[in-house]
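# Residue-level structure breakdown
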Amino acid sequence: KSESRKGMAAMRVSVEGLLTSAGPLSGSQEWPRAPDQQLVNYLLSFLFHPVPRVKWRTVTALGIVVNRMAHESMESARNIMRRLIWSLNDESGGIGWGSAETMGEIMAVNGPLAREYHRILLSYVQKEGNPLENPLLERGVLWGIGRLAQERPELVEGCGCHLGPYLQSEDPIHRGYALWALGFLKEEIPVRGLAHLKEDATEVQIYEGDGLGMFRICDLARRLDAEGDGRRPADL
């Protein structure tokens, strides 16, 4: 038992070292020598880390590890997705912090899982779907949808009308994340909700690539308008 505890402590130190390191995370890194399921369990605990950068790098790390897991055992990877989905369910008794973001990241890097589960992530912003009715969890859903749209916009097609209402939210993170996500969709832009945002200088922090950046809502709105790619404005 003593050796087991030492091994667990060593793994936690190794995982935390990767998450707090300066370099970008990748699948080719020297991850701790442990079963992927055990490694995922450790990583999930870091979704609650008080340092934002560590929390977000945990999301990236989970995408890497679950993608690797899927190549060896798709059913094991599905179990992780089901676990994340369950954590967002009221009946789970949990809170689900970081779960929607992690779902989006996993699906961004793994096509088969994306095709199986993207509709569930999208349902969280659909009134007729499975709305979470928790403003803090909705932030994660918006980011997760944007991340999925970055890599697989065809799976998010038609979601723009469901993101539009978040442009009117009192929560600036809702507004910022919705604008960021809309930037990756090749579809109608909700211009009625866009006009006032071009004057909104509120800054929001968004995790993109391997870092956290500050974005002004007005800049996101203007960029979306300028990079419309021929999309027809929607009268929402």
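Below: a short report on this structure. (Residues numbered from 1 in each chain as written. Predicted model: local features only at pLDDT ≥ 70, side-chain atom pairs only at ≥ 80, totals over all residues. Heavy atoms only, no water.)

### Topic: the packing of aromatic side chains
For any pair of aromatic rings, the description rests on two quantities: the centre-to-centre distance and the angle between the ring planes. Under the convention used in this document: Between rings of Phe, Tyr and Trp, where Trp is taken as its six-membered ring, a pair exists when centres lie within 6.5 Å; planes separated by under 30 degrees are stacked, by over 60 edge-to-face, and by other angles tilted. Numbering goes from the N terminus for both helices and strands, where a helix is a DSSP run of H or I of at least four residues and a strand is a run of E of at least two. Partly exposed describes any residue whose relative accessible area lies between the buried limit of under 20% and the exposed limit of over 50%, with all areas from a 1.4 Å probe on protein chains only and scaled to the type maximum. Either the NZ atom of lysine or the CZ atom of arginine qualifies as a charge over a ring when it sits within 6 Å of the ring centre and within 35 degrees of the ring normal.
Scanning the entire structure with this criterion turns up five aromatic pairs. Taking 6.2 Å as the distance between ring centres and 40° as the angle between the ring planes, the aromatic pair formed by W143 and Y207 counts as tilted. Of this pair, W143 sits in helix α7 (residues 135–151) while Y207 sits in strand β2 (residues 203–208); the two residues are 64 residues apart in sequence, bridging distant segments of the chain. Each member of the pair, W143 together with Y207, is buried. Ring pairs connect the aromatic residues W56, W143, W180, F184 and Y207, which therefore count as one cluster. If you follow K55 out to its NZ or CZ, it ends over the ring of W56, 3.8 Å from the centre.

### Considering the pattern of salt bridges
Just so we agree on the cut-off: Salt-bridge detection follows one rule: a side-chain nitrogen of Lys or Arg within 4 Å of a carboxyl oxygen of Asp or Glu.
Overall, the coordinates contain 11 salt bridges when judged by the stated rule. A salt bridge links R78 to E75; its shortest N-O distance comes to 3.1 Å. Of this pair, R78 and E75 both sit in helix α4 (residues 74–87), three residues apart, which is roughly one turn of that helix. Across the pair R216 and D219 runs a salt bridge whose closest N-O atoms are separated by 3.0 Å. Look at D219 and you get partly exposed, because its relative accessible area is 35%. Put simply, E75, R78, R82 and E116 are held in one network by salt bridges that share partners.

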